[in-house]
Amino acid sequence: MDYRAALLKGLKVSPSLQKRQRPTPKINLQQMWSSLISQNPPADEWRPNLPPDIMVLIMQRIGWYDVLMNVKLVCKYWYVLSKDPSIWRVIEIRKDVSATKLREDMRILTYEEYVSQVPLARRAMLDYCKYHEYEAEVYRKVEKALHEMVMHVIDLSCGQLHDLCFQKFGSDNLLKYIYQRSRQLTRLRLQECMVCCYNYESLDYDRYITLKGMIQMLRNLPLLEELELSYTRIFGKGVQIVGRCCPHLKKFILNQRTYGYTRNPKCDKQALAIANSMPGLRHLQLFGNRMTISGLMAILDNCQQLEYLDLRQCKNLGKVLKEAEFETKLRQQIKHVRFLKDSTEDYEFDSDEGISDGYIGSDCSSELD
């Protein structure tokens, strides 16, 4: 019996797009796995000669998706170990990778494969619009299944989750599910997530992280010390609210792309918000920020405990940072400083200036400000 087919039973795309699709039922992964194991239990004949603590360390490095979908079904020994909460203390959800693997495991046909199965007499009806309709349906099903899987992973952590990363993924409902069960979270990273001031309650499925949802989560994480908001749409007032919600914040990362400085090329609102609401920071990364010398001086005056400051590609600081006197003063106050044109080889994202912010960029002209 194919465990992937059993796990994802009922999620295959309907062969017909002419009729309105019924809502996809909620996926109860725990019941599916329990049923699967009872019908086809993992083999117990093979067991590696490794102690449990070593196996747990190995599983931590494999990644959440493969442990959930593959490793736990190798044998009963691994199945039991996969429930160890220590495996799920660090979770990185990168949608591009996870959604691609899930689509393959769900065995969803590509549009070309779907068309090849349609009778010749009906193929003429499949125009360009049908392609987008098909892909939108597939996207909704994969997204919904991925959300259910992440919720199951949060349950497996048993409240011991310490480090969480979302990349191009997440929703308000999912954030609420997490902070209600993971109050020990100390590190949160939101990368290329659509955080905005609107609430998409009118949509049939919650697929967005709103500023309201993120702030509500931060208010319920009393131990949070590290926060990253990379290529995420958040403005000056939003940054100030974040600082007030996280009084113990020691590390803050706010990365932006430097392309598209034509609108509001100079903006100190984010820098001033950091200076006013995050005085206890020790590590601050502002890659590609649009602040001027006024914003930088406010940070230096108010964040006296700073030990690391990243100012790479902050173009509006170019003339100031070239002054030897100011550079010397900056180095005396802060141990580690990354200047405007320092190397970006260790930067996690593509630092190409030709990439546009799009809808996830940062702009000072917002109704929030």
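Residues numbered from 1 in each chain as written. Predicted model: local features only at pLDDT ≥ 70, side-chain atom pairs only at ≥ 80, totals over all residues. Heavy atoms only, no water.

- An unreviewed UniProt entry lists the protein chain under the name F-box domain-containing protein, from Heracleum sosnowskyi.

Some thoughts on the overall build of the protein chain
Moving on, step 1. Scanning the protein chain for helices and strands turns up 16 helices and 10 strands.
Moving on, step 2. Out of the 369 residues in the protein chain, the part that is buried amounts to 51%.
Moving on, step 3. Counted over contacts in the protein chain with a minimum sequence separation of 6, partners at least 24 positions apart contribute 78%.
Moving on, step 4. Surface summary for the protein chain: the accessible area is close to 18,900 Å², and the carbon and sulfur share equals 50%. (Helix = DSSP H or I, 4+ residues; strand = E, 2+ residues; numbered from the N terminus. Buried < 20%, exposed > 50% of the residue type's maximum accessible area, 1.4 Å probe, protein only. Contact = heavy atoms within 4.5 Å. Areas by Shrake-Rupley, 256 points an atom, 1.4 Å probe, with all protein chains shown as cover.)

Remarks on the packing of helix α13 (residues 269–277) against helix α14 (residues 293–302)
Packed helix pairs are characterised by how far apart their axes lie and by the angle those axes make with each other.
Moving on, step 1. One way to put it is that α13 packs onto α14 with a least axis distance of 8 Å and a crossing angle of 10°. By the angle between their directions, the pair α13 and α14 is classed as roughly parallel. Mapping the contact onto sequence places A271, L272 and A275 in α13 and G295, A298, I299 and N302 in α14.
Moving on, step 2. For the contact of α13 with α14, a count of residues per class yields 5 nonpolar, 2 polar and no charged. (Axes fitted to C-alpha atoms, helices over the stretch in contact; angles between N-to-C directions. Parallel < 35°, antiparallel > 145°, perpendicular 65-115°, else oblique. Nonpolar A, V, L, I, M, F, W, Y, C, P; charged D, E, K, R; others polar.)

Quick notes on a nonpolar patch on the surface
Moving on, step 1. A surface patch of nonpolar side chains, about 380 Å² in accessible area, is lined by L50, I54, L57, I58 and I62.
Moving on, step 2. Counting through the fold element by element, I58 comes out in helix α3 (residues 52–62). (Patch = residues over 30% accessible without salt bridge, like charges linked within 9 Å, V, L, I, M, F, W, Y side chains within 5 Å. Salt bridge = Lys/Arg side-chain N within 4 Å of Asp/Glu carboxyl O.)

Brief notes about the environment of V239
Moving on, step 1. Its location among the elements puts V239 in helix α12 (residues 236–245).
Moving on, step 2. Residues V239 and I215, spaced 24 residues apart in sequence, show a C-alpha to C-alpha distance of 10.0 Å.
Moving on, step 3. Residue contacts for V239: discarding those within four places in its chain leaves I234, F252, L254, Q270, A273, I274, S277 and M278.

Things to note about unusual backbone geometry
Moving on, step 1. You will see that C158, though not glycine, has its phi angle at about 55°, which is positive.
Moving on, step 2. Structurally, C158 is set in the loop between α9 (128–157) and β2 (163–167).
Moving on, step 3. Positioned with a positive phi, E192 is a non-glycine residue whose angle comes to about 55°.
Moving on, step 4. Relative to the helices and strands, E192 is located in the loop between β3 (187–191) and β4 (195–196).
Moving on, step 5. The exposure class of E192 is buried, given its relative accessible area of 14%.

Thoughts on the sheet that holds strand β10 (residues 336–338)
Each strand in a sheet pairs with another by means of backbone hydrogen bonds, the pair being arranged parallel or else antiparallel.
Moving on, step 1. One open sheet holds the 8 strands; their spatial order is β1-β2-β3-β6-β7-β8-β9-β10, and the pairing between them is parallel. Two strands in the sheet have a free side with no partner beyond their single neighbour: β1 (90–94) and β10. When the angles between neighbouring strand axes are averaged without regard to direction, this sheet yields 5°.
Moving on, step 2. Two strands pair when backbone bridges link them, and strand β8 (residues 283–285) and strand β9 (residues 308–310) are joined in this way by 3 bridges, in the parallel orientation. Residue pairing in the sheet places L284 in a bridge with L309 of β9. (Pairing = 2+ DSSP bridges.)

Considerations on the pairing of β3
Moving on, step 1. Counting buried residues in β3 gives 4 out of 5 residues, a clear majority hidden from the surface.
Moving on, step 2. Pairing between β2 and β3: 5 bridges, direction parallel. Note on β3: the bridge partner recorded for Q167 is Q191.

Here we look at the pairing of strand β6 (residues 226–230)
Moving on, step 1. Burial runs high along β6: 4 of the 5 residues are buried.
Moving on, step 2. Bridge count for β3 against β6 is 5 bridges, and the pairing is parallel. Bridge pairing links R187 to E226 in β6.
Moving on, step 3. Chirality of the crossover, the property in question, places the unit of β6, α12 and strand β7 (residues 251–253) among those that are right-handed. (Right-handed = clockwise from strand over helix to strand, strands pointing away.)

Digging into the packing of α14 against helix α16 (residues 324–333)
Moving on, step 1. Viewed as axis vectors pointing N to C, α14 and α16 meet at an angle of 30°, and their least axial separation amounts to 12 Å. Put simply, α14 runs roughly parallel to α16. α16 is crossed by α14, and the crossing has left-handed handedness. Where α14 abuts α16, its residues I293, L296, M297 and L300 lie against F326, K329, L330 and Q333.
Moving on, step 2. The residue inventory of the contact of α14 with α16, partitioned by class, reads 6 nonpolar, 1 polar and 1 charged. (Left-handed = near helix turned anticlockwise from the far one by under 90°.)

Thoughts on the packing of aromatic side chains
Moving on, step 1. All chains considered together, the criterion is met by 3 aromatic pairs.
Moving on, step 2. A centroid spacing of 5.7 Å and a plane angle of 85° characterise the contact between W64 and Y65, whose relative ring orientation is edge-to-face. Note on accessibility: W64 and Y65 belong to one class, buried.
Moving on, step 3. The interplanar angle of 85° and the centroid separation of 5.3 Å between the aromatic rings of F166 and F169 together place this pair among those described as edge-to-face. (Phe/Tyr/Trp six-rings, centres within 6.5 Å; stacked < 30°, edge-to-face > 60°.)

Side note on the pattern of salt bridges
Moving on, step 1. A full pass over the atoms with the stated rule returns 14 salt bridges.
Moving on, step 2. Two residues, K95 and E143, come together in a salt bridge whose shortest N-O distance is 2.7 Å. With K95 in helix α6 (residues 95–106) and E143 in helix α9, this pair connects stretches of sequence that are 48 residues apart. An identical accessibility class is assigned to K95 and E143; each is buried.
Moving on, step 3. A salt bridge links R181 to D155, with the shortest nitrogen-to-oxygen separation between them at 3.8 Å. With R181 in the loop between α10 (172–179) and β3 and D155 in helix α9, this residue pair connects regions lying 26 residues apart in the sequence.
Moving on, step 4. We classify R181 as partly exposed; its relative accessible area is 34%.
Moving on, step 5. Residue D155 is classed as partly exposed on the basis of its relative accessible area, which comes to 37%.
Moving on, step 6. In this structure, a network of salt bridges that share partners links the residues E92, R94, D163, R187, R189 and E226.

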